[in-house]
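# Examining the three-dimensional arrangement
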Amino acid sequence: STMNAKTSSAGEEEASGMRNETLGESGFLGEAKRRQVIHVAYVIAALELTFFFMQIGVMPYLAKSLGLDSVGFGYLQTTFGVLQLVGGYIFGRFADKFGARAALILSCVSGSIFFLLMSLSTNIPLLFLSRLPGVFMHGIPGAQKVITDVTTPSERAGALGKLGFCFGVGIISGSVVGGVLSTKFNVYVPAYVGLVGSLINTLIAVVWIPSQTKPKSDHHVTEHSTSQSGSLFSIREILRLMKFPGVMEVFIVKVFAGLPIGLFMIMFSIISMDFFGLEAAESGYLMSYFGVLQMVVQGLVVGKLASRCSEMTLLRLGVFIFAGVGLGMALMRTVWHYCIIAVPLVFAFSMLATITDSILTKAVPSSDTGAMLGICASVQPLTRTVGPTIGGVLYKQFGVSSFGYLQLMVNLGLFVYLLKSKIPLEEMKS
């Protein structure tokens, strides 16, 4: 009788585990509500990216109209990069402590203040002050946190991958709308539109995102695996997350695999003028082409591959293709060459970003997924902060091909590392 009871108990535990995997961390929301929350997160991310790229397009013209030279504009960009770098992890910790909904609302409200200050920037000090709210403007990590909370581990990569579709929508619509508004009216109109849009985004988050996106049981995790610090920023907490199996190895790959192409993209406006000989309008068309590719790849390709192949296989594939992209970049001579190279480039870039985020959020406790996403979100601001200096030296001393050779060497080294090392990819359970 005792043995039968134990067997029955074990069977119930196994069945419960299977049900949890089927329902996901937030199966308690119900399937229809869960899908609705995911779609709302996509809408918020797409709108926030649209407003963000609107201001990116008009910012050089606004800065120039206020008398800011190229060096000063570089300082302005660096200031924003540093704020985003510092704020990424703090935002993630905020999401863990107060929930994904509160984090999304914080991001949208920060966006409203950002565009309000930008619309009032009639001198250079106010323009620099308008960058300050950027420390909490993290719409994509906020949407990722929502999706991470309400998806099963098996479907997470596909769901996160579709955020790339939102990124493509943001690049295309933001660039076009910002250009049209600033041309037909003035450089401050995109800021007015961004202010109203961010307020609407805030309302959407308040109404449609539930106050709790994961079960209460997920908040009661074992003491050794959860945050021991009450502060929103702690180096000790970052180091603690890096000690989980496989986290440090995958994060290193995430940082270094995309660094060379990140340096290239930072210098792209100069390269498009000097190397490709493009006019401003033609550069805009090229960015739109890049955005369309990203929409197609992340909206249609990444999710399907993630459901058919293991994440480690896709990680190795992304790094290997990135190495091939490096060789192509080293040999390219015209803009048409770049248009061909852009196809595998976008595929590898999207694959690495999605798969590494998925792996890293599974490797830490559910109470730390926001912090982990915040650390991941700090990678691009870090590149934007150090990129202008390193990229400028590479371009001036060695030319465009240097970016390609660096990309080739770094990713070949990472590919060999991934083949030889046995990275322990363990899914952390609450």
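Structure: above.
In this text the structure is predicted, and so the values were computed from the model without any measurement.

Here is what the cut-offs are and how they apply
Residues numbered from 1 in each chain as written. Predicted model: local features only at pLDDT ≥ 70, side-chain atom pairs only at ≥ 80, totals over all residues. Heavy atoms only, no water. Axes fitted to C-alpha atoms, helices over the stretch in contact; angles between N-to-C directions. Helix = DSSP H or I, 4+ residues; strand = E, 2+ residues; numbered from the N terminus. Parallel < 35°, antiparallel > 145°, perpendicular 65-115°, else oblique. Contact = heavy atoms within 4.5 Å. Nonpolar A, V, L, I, M, F, W, Y, C, P; charged D, E, K, R; others polar. Buried < 20%, exposed > 50% of the residue type's maximum accessible area, 1.4 Å probe, protein only. Phe/Tyr/Trp six-rings, centres within 6.5 Å; stacked < 30°, edge-to-face > 60°. Left-handed = near helix turned anticlockwise from the far one by under 90°. Polar contact = N/O pair within 3.5 Å; in protein donor to acceptor, adjacent residues only side chain to side chain. Salt bridge = Lys/Arg side-chain N within 4 Å of Asp/Glu carboxyl O. 1 Å grid on protein atoms, 1.4 Å probe; cavity = no way out; pocket = protein on both sides within 12 Å on 5 of 7 lines; lining within 4 Å. Points joined across faces, edges and corners; volume = space filled by probe spheres on them.

Below, the discussion takes up the packing of helix H10 (residues 235-242) against helix H17 (residues 369-377). Taken N-terminus to C-terminus, the directions of H10 and H17 make an angle of 95°; their axes are 11 Å apart at the nearest point. Judged by the inter-axis angle, H10 sits roughly perpendicular to H17. In this structure, H10 contributes Ile238, Leu241 and Met242 to the contact, and H17 contributes Ala371, Met372 and Ile375. Across the contact of H10 with H17, the residue classes break down as 6 nonpolar, no polar and no charged.

Another aspect to go through is the side chain of serine 198. Tracing the backbone through its elements, the reader meets serine 198 in helix H9 (residues 189-208). When its relative accessible area of 6% is taken as the criterion, serine 198 is described as buried. If near-sequence neighbours (up to four positions away) are discounted, serine 198 is found in contact with Phe51, Cys108, Gly111, Ser112 and Phe115.

Where helix H12 (residues 259-266) is concerned, the buried positions are Pro260, Ile261, Gly262, Leu263 and Phe264. Where H12 is buried, its residues contact helix H11 (247-257), helix H13 (268-274), helix H15 (311-331), helix H16 (335-363), helix H18 (379-398) and helix H19 (401-420).

The tally for this structure, following the rule as stated, stands at 11 aromatic pairs. Arranged with centres 5.7 Å apart and planes meeting at 80°, the rings of phenylalanine 52 and phenylalanine 53 form a pair that is edge-to-face. By relative accessible area, phenylalanine 53 is classed as buried at 13%. A centroid spacing of 5.2 Å and a plane angle of 90° characterise the contact between phenylalanine 114 and phenylalanine 115, whose relative ring orientation is edge-to-face. Taken together, the ring pairs in this structure connect Phe52, Phe53, Phe80, Phe114, Phe115 and Phe167 into an aromatic cluster.

By secondary structure assignment, the location of valine 247 is in helix H11. Separated by 176 residues in the primary sequence, valine 247 and isoleucine 423 have C-alpha atoms spaced 8.8 Å apart. Apart from residues no more than four positions distant in its own chain, valine 247 is found in contact with Leu241, Met242, Leu360, Ala363, Val364 and Met372.

The next subject is the packing of helix H2 (residues 31-65) against H9. Contact geometry for H2 and H9: axes closest at 10 Å, N-to-C directions at 165°. The pairing of H2 with H9 is recorded here as roughly antiparallel in orientation. Regarding H2 and H9, the two cross each other, and that crossing is left-handed. Facing Lys33, Gln36, Val37, Val40, Ile44, Leu47, Glu48, Phe51, Met54 and Val58 of H2, the residues of H9 in contact are Pro190, Val193, Gly194, Gly197, Ser198, Asn201, Ile204, Ala205 and Trp208. When grouped by side-chain class, the residues that make up the contact of H2 with H9 number 12 nonpolar, 5 polar and 2 charged.

We now examine the side chain of serine 402. Structurally, serine 402 can be placed in helix H19. Side-chain polar atoms of serine 402 contact the backbone oxygen of leucine 394, separated by 3.5 Å. At 2.6 Å, the side chain of serine 402 and the backbone oxygen of glycine 399 are in polar contact.

Further remarks concern the pattern of salt bridges. Scanning the entire structure with this criterion turns up 9 salt bridges. Among the ionic pairs, glutamate 311 bridges to lysine 362, the shortest N-O distance being 3.0 Å. On the criterion of sequence distance, the pair formed by glutamate 311 in helix H15 and lysine 362 in helix H16 is long-range, its members being 51 residues apart. This pair shows no difference in class: glutamate 311 is buried, exactly as lysine 362 is. Linked through salt bridges whose partners overlap, the residues forming this network are Glu31, Arg34, Arg35 and Glu155.

This paragraph deals with empty space enclosed by the protein. Applying the stated criterion across every chain, the model contains 1 cavity of 30 Å³ or more. Listing elements by their share of the lining of the largest cavity, those giving two or more residues are H2 and helix H4 (100-119). When residues of the lining of the largest cavity are assigned to their parent elements, the largest contribution, 3 residues, is made by H2. Looking at the lining of the largest cavity residue by residue, the classes come out as 4 nonpolar, 2 polar and 1 charged.

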